[in-house]
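Structural features, examined
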Amino acid sequence: YKQLSTWDNGAYLGSNNPQDDVQIITNFLPLLKQPAGSSIATATPTTPIVNGATATINTTGLVVTPGTPNVWSFEANAGTATFTVAVQRAWEEWAFSDLDVQLVVYDAAGSAVGAPINPAGVDTDNGLGIAAAAVALPAAGTYYVAVSGAGSGDPQDGSSYSSYGSRGGFALSA
């Protein structure tokens, strides 16, 4: 169990407020710019730090719009890649994040390598992130990692939430 704040746009069981709160806010304040590409075609290249046989990628991103991932490209040999995503809190210890992270790795052809990673209720130090998820890379080549906001289950069941308000900053390492 991890506390998470959510936004209501009418998708929840018993909701009587269908307005798009984020759209109303953006009428007065523009959304922040997403720092990475939003597709494989526009992926932001990463430069790994190489130490012997190990290459490490460290970067940060910002989920601005649900359904629009932050996408980076990287070169890798065949083997296991381990990804960690730490959700960044807006304030100190007492704040909760709105971001529930989902990560997908794609090969050079744009096919997903394994299933999307969104561990339900994972309790990391910084919210609903991803702690050390291993992905088997089948061959040497170019890969893409996409991080987006996710929901959990069906908001109409009374205990789940949509991806509508799943936004915020994060740190990605691989």
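This is a predicted model, so every value here is computed, not measured. (Residues numbered from 1 in each chain as written. Predicted model: local features only at pLDDT ≥ 70, side-chain atom pairs only at ≥ 80, totals over all residues. Heavy atoms only, no water.)

Following the sequence through the fold, Tyr106 ends up in strand β7 (residues 101-106). On the accessibility criterion, Tyr106 (24% relative accessible area) is partly exposed. Taking C-alpha positions, Tyr106 is 8.9 Å from Thr142, a pair spaced 36 residues apart along the chain. If we ignore the near neighbours within four places in the chain, the residues touching Tyr106 are Ile40, Ser111, Ala112, Val113, Tyr143, Tyr144 and Ala146. (Helix = DSSP H or I, 4+ residues; strand = E, 2+ residues; numbered from the N terminus. Buried < 20%, exposed > 50% of the residue type's maximum accessible area, 1.4 Å probe, protein only. Contact = heavy atoms within 4.5 Å.)

Looking at the chain as a whole, the pLDDT averages 80, with 83% of positions reaching at least 70. Looking over the chain, one finds the lowest element-wise mean pLDDT in helix α1 (residues 21-26), namely 80, and the highest in strand β1 (residues 44-45), namely 94. Counting contacts from residues 122-126, a segment whose pLDDT is below 50, to residues more than four positions away or on other chains yields 14 contacts. (pLDDT = per-residue confidence, 0-100.)

The subject of this paragraph is the packing of aromatic side chains. In this structure the tally under the stated criterion is 3 aromatic pairs. Between the aromatic rings of Trp72 and Phe170, the centroid separation amounts to 6.0 Å while the plane-to-plane angle is 85°, which identifies the pairing as edge-to-face. Linking Trp72 in strand β5 (residues 70-76) with Phe170 in strand β10 (residues 168-173), this pair joins segments that are 98 residues apart in sequence. Here Trp72 matches Phe170 in class, with each residue buried. Ring geometry for Phe74 and Phe83: centres 6.1 Å apart, planes at 65°, overall edge-to-face. Accessibility expressed as a relative area gives 6% for Phe74, which makes it buried. (Phe/Tyr/Trp six-rings, centres within 6.5 Å; stacked < 30°, edge-to-face > 60°.)

Side chains of Ile24, Ile25, Phe28 and Leu29 sit close together on the surface and give an oily, nonpolar patch of about 420 Å² of accessible area. Along the chain, the position of Ile24 falls in helix α1. For Ile24, a relative accessible area of 36% translates into the label partly exposed. (Patch = residues over 30% accessible without salt bridge, like charges linked within 9 Å, V, L, I, M, F, W, Y side chains within 5 Å. Areas by Shrake-Rupley, 256 points an atom, 1.4 Å probe, with all protein chains shown as cover. Salt bridge = Lys/Arg side-chain N within 4 Å of Asp/Glu carboxyl O.)

Taken as a class, soluble globular proteins show a tendency for nonpolar side chains to be buried jointly. With 25 residues, the main nonpolar core has Phe83, Leu103, Val105 and Leu172 as its most contacted residues. Ignoring any residue separated from it by four or fewer positions in sequence, one finds Leu172 in contact with Ile57, Asn58, Thr59, Trp72, Phe83, Thr84, Val85, Leu103, Val145 and Val147. (Core = buried A, V, L, I, M, F, W, Y, C linked by side-chain atoms within 4.5 Å.)

Turning next to the sheet that holds strand β9 (residues 141-149). Overall, mixed pairing links the 4 strands, which are arranged β1-β5-β9-β7 in an open sheet. With partners counted over all chains shown, the strands left at the sheet margins are β1 and β7, one partner each. The sheet contact formed by β5 and β9 spans 7 bridges and is antiparallel. Within the sheet, the bridge partner assigned to Glu75 lies in β9 and is Thr142. (Pairing = 2+ DSSP bridges.)

Both strand β4 (residues 58-63) and β10 contribute to a ladder of 6 bridges, which runs antiparallel. Each bridged residue has a counterpart across the sheet, and for Thr60 the counterpart in β10 is Ala171. Pairing analysis gives 4 bridges linking strand β6 (residues 79-87) to β10, with the strands arranged antiparallel. When the bridges of β10 are listed, Thr84 appears paired with Ser173.

Turning next to the side chain of Asp100. Structurally, the position occupied by Asp100 is in the loop between β6 and β7. You can call Asp100 buried: its relative accessible area is 3%. For Asp100, the residues in contact, after removing those within four places along its chain, are Asn118, Leu128, Ser148, Gly149, Ala150, Gly151, Ser152, Tyr161 and Ser166.

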